[in-house]
Amino acid sequence: MTSRLRFASYMVSMSLLFLRPPPTDAHAFLDHADPRVGSTVPSPSALTLQFTESIEPAFCRVEVVGPAGNIEIGPIEHPGPAMLRVALPPLPPGDYTVQWAVVSVDTHPTGGRFTFSVKHP
Amino acid sequence: MTAALAVFGCFDLLASVVLAGGFLSAALVTAPSPVGRRVSRVATLVLGVVLIVEFALIVVRMSAFGTSKGVGLLSDVLATRWGELWVIRVLGLALLVVALRAPHPRSQIWSGIAAVWLMARSLQGHAGAHGAMSAVMDWIHVVAVAAWFGSLTQYASLSDDLSARTAVRVRRVATTAVALVVPTGVYAAFLHVPNIEQLFRSAYGKTLLAKIGFATVLVGLGAANHFRHVPALIGGEEDAARTLHRAVALELVVGAVILLLSALLGVLPMPHDMATTG
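Draft legend 1. View of the nonpolar core. Counting residues in each nonpolar core, the largest one holds 67 residues, and the members touching the most others are Leu 19, Phe 23, Val 77, Trp 117 and Tyr 155 of chain B. Of all hydrophobic cores here, the second largest spans 22 residues; its members include Ala 28, Ile 55, Val 102 and Phe 114 of chain A.

Right, here's the structure in full:
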């Protein structure tokens, strides 16, 4: 076998060892939330945010703004590597905006906002 | 902030690859020349400064998101995964500095330590955030690049020893490196770019295309060395050593451009970012 053929076969065989991976987000984005984005729910006792990538809990912020302004939320809990949870006080009916900012484990910051509504019990 | 991280990320990658590559070259090719040792020492110095600056930049970036200040902020950053890996990288660098000062370091052992040390860098970045498989792929990619680039750097510093035997060893390292760099690079491209359209429309995709273009040029230059210049040196052709030296220098320049683009990819927003927040 010539060196050219050996070179080519080596390249092909090594390339075949690897398969195409599924694409990933590379930064921590909101995967889903509870209450769900845009949903109308009875007053929730907590807000849960699940991200697409692991995050650093010491560098995360969550704010909830209601019809009467900022809501006093509980401390940010970190029940999973990509999850945040905050306790909520009883919320009166109305529209609420959740603003979040997180830093992923590779130190890249991301942020966003979404709304949900609380209906009359 | 992003521009500063990109610039220092470039120096970080270049210095890490030259330093670890020097140890890999010592084990796989030949002992470094005095000039080669000096290049490695400069790489440790550059990396020492860059690691401190990068830590400071990350502290500034994180300060906008945390509640702690001063010493508490430093402590919080060091407690992050990035911070813990930063400490490992600093300790690893200190260890490699000791090895460089040793009169007769055991090249096989230190090349292994240098290769493992590169894993901390892979875990710190995008690849590490995606899980173990992605981090291992990135690590293989970076180790292969380090072996290739390091061997070329050390070879270029061998002003008096352009022996055919050394050239053949560098050729073997380069060929193996290409066989590892290409599939792991393709893996990373599929991981970070979700569709072909984003490859052409996003800044990340365009930078990746530029990197692929330069990488193709580099593989072409490597092929010229593999099939033409090294056989000419083995055959004792006139001026073969000088021609090979020039080709290696050109490879190093193209390789440095590729490392710059790679560092840029580490800080550019992913195509997904633009779709979500744009």
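Draft legend 2. Layout of the sheet that holds strand S1 (residues 30-34) of chain A. Residues and elements named next belong to chain A. In space, the four strands of this open sheet follow the order S1-S3-S7-S6, with antiparallel pairing throughout. Each edge of the open sheet is held by one strand with a lone partner, namely S1 and strand S6 (77-80). On average, adjacent strands in this sheet sit at an angle of 25 degrees to one another, irrespective of strand direction. Pairing of S1 with strand S3 (residues 46-51), which is carried by four bridges, proceeds in the antiparallel orientation. By the bridge assignment, Leu 30 is partnered in S3 with Phe 51.

Draft legend 3. Focus on the side chain of Asp 106 of chain A. With respect to the element layout, Asp 106 of chain A can be found in the loop between strand S8 (94-103) and strand S9 (109-118). Lacking a salt bridge, the buried Asp 106 of chain A has Arg 81 of chain B as its closest oppositely charged neighbour, with an N-O distance of 6.9 Å.

Draft legend 4. Looking closely at a positive patch on the surface. Residue and element names in this part refer to chain B. A contiguous patch of positive charge on the surface is contributed by Arg 37, Arg 38, Arg 41 and Arg 101. Of the residues forming the positive patch, the biggest block, three residues, is contributed by helix H2 (residues 34-63). Counting through the fold element by element, Arg 101 comes out in helix H4 (residues 81-101). For Arg 101, a relative accessible area of 71% corresponds to the exposed category.

Draft legend 5. Region of the structure containing the packing of aromatic side chains. Per the stated rule, a full pass over the model turns up four aromatic pairs over all chains. Aromatic rings pair up to connect Phe 55, Trp 82 and Trp 86 of chain B into one cluster.

Draft legend 6. Summary view of the sheet that holds strand S2 (residues 40-41) of chain A. Residues and elements named next belong to chain A. Read from one edge to the other, the open sheet built from five strands follows the order S2-S9-S8-S4-S5, with strand pairing classed as mixed. Pairing within the sheet leaves two strands with one partner each, and these edge strands are S2 and strand S5 (69-70). As defined by bridge partners, S8 adjoins S9 across 10 bridges and the pair is classed as antiparallel. Paired with Gln 99 across the two strands is Arg 113, which belongs to S9.

Draft legend 7. Fine view of the pattern of salt bridges. Counted under the stated rule, the structure contains four salt bridges over all chains. Here Glu 77 of chain A ties to Arg 85 of chain A by a salt bridge, and the two come within 3.5 Å at their closest N and O atoms. Note on Glu 77 of chain A: relative accessible area 37%, which makes it partly exposed. A salt bridge links Arg 89 of chain B to Asp 12 of chain B; its shortest N-O distance comes to 2.7 Å. Highlighted residues: Arg 89 of chain B in helix H4 and Asp 12 of chain B in helix H1 (residues 2-28), separated in sequence by 77 residues. What makes Arg 89 of chain B buried here is its relative accessible area of 2%.

Draft legend 8. Quick peek at the packing of H2 of chain B against H4 of chain B. Residue and element names in this part refer to chain B. Packing of H2 against H4 brings their axes to within 11 Å, and their N-to-C directions diverge by 165 degrees. When the interaxial angle is binned, H2 and H4 end up roughly antiparallel. Both H2 and H4 take part in a crossing whose hand is left-handed. Here Ser 40, Arg 41, Thr 44, Leu 47, Gly 48, Leu 51, Ile 52, Glu 54, Phe 55 and Ile 58 of H2 come into contact with H4, specifically with Trp 82, Trp 86, Arg 89, Val 90, Leu 93, Val 97 and Leu 100.

Draft legend 9. A nonpolar patch on the surface, seen in detail. All names here are of chain B. A contiguous nonpolar patch, built from Val 7, Phe 11, Val 42 and Val 46 and spanning about 310 Å² of accessible area, is present on the exposed surface. Of all the secondary-structure elements, those providing two or more residues to the nonpolar patch are H1 and H2. With respect to the secondary-structure elements, Val 46 resides in helix H2. Residue classification places Val 46 among the partly exposed positions, given a relative accessible area of 31%.

Procedures and definitions
Residues numbered from 1 in each chain as written. Chains lettered and ligands numbered in written order. Predicted model: local features only at pLDDT ≥ 70, side-chain atom pairs only at ≥ 80, totals over all residues. Heavy atoms only, no water. Core = buried A, V, L, I, M, F, W, Y, C linked by side-chain atoms within 4.5 Å. Buried < 20%, exposed > 50% of the residue type's maximum accessible area, 1.4 Å probe, protein only. Pairing = 2+ DSSP bridges. Helix = DSSP H or I, 4+ residues; strand = E, 2+ residues; numbered from the N terminus. Axes fitted to C-alpha atoms, helices over the stretch in contact; angles between N-to-C directions. Lys, Arg positive; Asp, Glu negative; His and termini not counted. Salt bridge = Lys/Arg side-chain N within 4 Å of Asp/Glu carboxyl O. Patch = residues over 30% accessible without salt bridge, like charges linked within 9 Å, V, L, I, M, F, W, Y side chains within 5 Å. Areas by Shrake-Rupley, 256 points an atom, 1.4 Å probe, with all protein chains shown as cover. Charge placed at Lys NZ, Arg CZ, Asp CG, Glu CD. Phe/Tyr/Trp six-rings, centres within 6.5 Å; stacked < 30°, edge-to-face > 60°. Parallel < 35°, antiparallel > 145°, perpendicular 65-115°, else oblique. Left-handed = near helix turned anticlockwise from the far one by under 90°. Contact = heavy atoms within 4.5 Å.

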